[in-house]
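Next come the chains, spelled out residue by residue.
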Amino acid sequence: MNMAATPSSTSGKSAATKSRQHHSAIVIGAGQAGLSMSYCLSQQGIDNIILEKSSQIADNWRNQRWDTFCLVTPNWQCQLPGYPYQGDDPDGFMVKDEIVAYLEGYRAFFSPTIIFNSPVISLTKNGELFTLVTVDAIYTADQVVIACGSYHEPRVPAMAKKMPAHIAHVHSSFYKNPDQLPPGDVMVVGTGQSGCQFAEDLHLA
């Protein structure tokens, strides 16, 4: 299966000059899912690494959440494998920076091998062996876990293109705080966790 088709201009080194290595398992993505999977594999004695496209773990938590973001589940429910909530407010709700700190603590707890700045250009399987190509290296693995989720691309309804040009649109992945919005009334579309937190944010402002 092919994960992506990427122009050669963004492929980094040529195939002949890329480093090559094999691992029993490779995890794609260094968020909470990828870190958890790496921990569980390590606990079973399975050689594994994590490939992360950005320069740090939990990149989406850092850069695709609004300033006042908080979880809607209590802290005591935060139970990463082998690493339960570490704070002193189990009945509280972690805000964005606390979530990132929790994940950073988890990384320090078991020190997984993470290759940063390594977006996967392609993933193929030949027989029983997987081949992953990144900008700098070619990896082979007996097993691959895709732990990068399916929420990275903003979903904007087609009808949004028909709205008058003077109406500003801000997708939830780009919203940070009320100061970035132009003057005037605001309509929040959606009443899930994100929409309700936006409405509260705007109300308090």
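Structural notes, computed from the coordinates. Only a predicted model underlies this, so the values are computations on that prediction, with no experimental measurement involved. Positions within a chain are numbered from 1, following the residues in the order the chain's sequence is written. Residue-level local features of this predicted model are given only where pLDDT is at least 70; pairs of side-chain atoms are given and counted only at 80 or more, and the full residue set underlies all totals for whole chains, interfaces and linings. Note: side-chain values were computed over all heavy atoms of the structure, leaving out hydrogens and water.

**Notes on the pattern of salt bridges**
One side chain can pair with another of opposite charge once the charged atoms of both are near each other. What counts as a salt bridge is simple: a side-chain nitrogen of Lys or Arg found within 4 Å of a carboxyl oxygen of Asp or Glu. Under the definition given, this model contains one salt bridge. Close ionic contact of R62 with E104 constitutes a salt bridge, the shortest N to O distance being 2.4 Å. In this pair, R62 is assigned in helix α2 (residues 59–63) and E104 in helix α3 (residues 96–110), connecting sequence segments 42 residues apart. By definition, any uninterrupted DSSP run of H or I lasting at least four residues is a helix, any uninterrupted run of E lasting at least two residues is a strand, and each is numbered from the N terminus.

**Side note on α3**
Multiplying 1.5 Å by the helix residue count minus one yields the expected span of that helix. Taking 1.5 Å of rise per residue, the 15 residues of α3 would be expected to cover 21 Å, and the 22 Å separating its terminal C-alpha atoms lies within 8% of that figure. Type-normalised accessible area, obtained with a 1.4 Å probe on protein chains alone, sets the label of each residue: buried when under 20%, exposed when over 50%, and partly exposed for intermediate values. The complete set of buried residues in α3 reads K96, I99, V100, Y102, L103, G105, Y106 and F110. As for α3, its buried residues are in contact with α1 (32–43), α2, β3 (79–80) and β4 (83–84). Looking one or two places after α3, you find S111, whose phi comes out positive at around 50°. By definition in these notes, contact holds between two residues if any of their heavy atoms fall within 4.5 Å.

**A short note on helix α4 (residues 193–204)**
Between the first and last C-alpha of α4 there are 17 Å, a value that for 12 residues agrees with the 16 Å anticipated at 1.5 Å per step. Every buried residue belonging to α4 is among G195, Q197, F198 and D201, and all of these are buried. With its buried residues spanning 165° around the axis, α4 presents them on a single face. Exposed positions of α4 whose direction lies more than 90 degrees from the buried face are H203 and L204. By definition, the arc is the one covered by directions from the helix axis to the C-beta atoms.

**A short note on the sheet that holds strand β6 (residues 120–126)**
The pairing criterion is simple: DSSP has to find at least two bridges between the two strands. Here we have six strands laid out as an open sheet, ordered β5-β2-β1-β8-β7-β6, and mixed in their pairing. Of all the strands in the sheet, the pair left with one neighbour each is β5 (114–115) and β6. Between N-to-C directions, angles cover 0 to 180 degrees, with each direction set by a line fitted to C-alpha atoms, over the stretch in contact for helices. In this fold α1 packs onto β1 (19–28), β2 (48–51), β5 and β8 (137–146), with an angle of close to 170° to the strand it touches most, β2.

**Considering the packing of aromatic side chains**
Two aromatic rings, drawn from Phe, Tyr or Trp (for Trp, its six-membered ring), form a pair once their centres lie within 6.5 Å of each other, and the interplanar angle then sorts them: stacked below 30 degrees, edge-to-face above 60, tilted otherwise. Taken as a whole and judged by the stated rule, the model has 12 aromatic pairs. Both rings, one in W66 and one in F69, keep their centres 4.9 Å apart while their planes meet at 70°; by these two values the pair is edge-to-face. The residues W66 and F69 share a single accessibility class, namely buried. Three or more aromatic residues joined by ring pairs form one cluster here, namely Y39, Y83, Y102, Y106, F109 and F110. Sitting over a ring, as applied to charges here, requires NZ of Lys or CZ of Arg to be within 6 Å of the ring centre and within 35 degrees of the ring normal. Lying across the ring of W61, R65 places its NZ or CZ 4.6 Å from the centre. A cation over an aromatic ring shows up here: R65 above the ring of F69, its NZ or CZ 5.7 Å from the ring centre.

**Quick notes on the packing of α1 against α3**
Relative orientation and spacing of two packed helices are given, respectively, by the angle between their axes and the distance between those axes. Contact pair α1 / α3: the axes reach a minimum separation of 11 Å and the direction vectors enclose 20°. Relative to α3, α1 is oriented roughly parallel. Between α1 and α3 lies a crossing of left-handed hand. Along its contact with α1, which presents Q32, L35, S36, S38 and Y39, the element α3 presents L103, Y106, F109 and F110. Each residue is assigned to one of three groups, with Ala, Val, Leu, Ile, Met, Phe, Trp, Tyr, Cys and Pro labelled nonpolar, Asp, Glu, Lys and Arg labelled charged, and all others, Gly among them, labelled polar. Here the residues of the contact of α1 with α3 sort into six nonpolar, three polar and no charged. Orientation is classified from the angle alone, with under 35 degrees giving roughly parallel, over 145 giving roughly antiparallel, 65 to 115 giving roughly perpendicular, and any other angle giving oblique. Note on convention: near helix rotated counterclockwise from far helix by under a right angle means a left-handed crossing. Clockwise means right-handed.

**Quick notes on the state of the cysteines**
When the sulfur atoms of two cysteines share a covalent bond, that bond is a disulfide. Note on terminology: pairs of cysteine sulfur atoms within 2.5 Å are recorded as disulfides. Going through the model one piece at a time under the given rule, you end up with zero disulfides. Between C148, a cysteine without a disulfide, and C40, which holds the nearest cysteine sulfur, the sulfur-to-sulfur distance is 18 Å. There is no disulfide at C196, and the cysteine sulfur nearest it, in C70, is 11 Å away.

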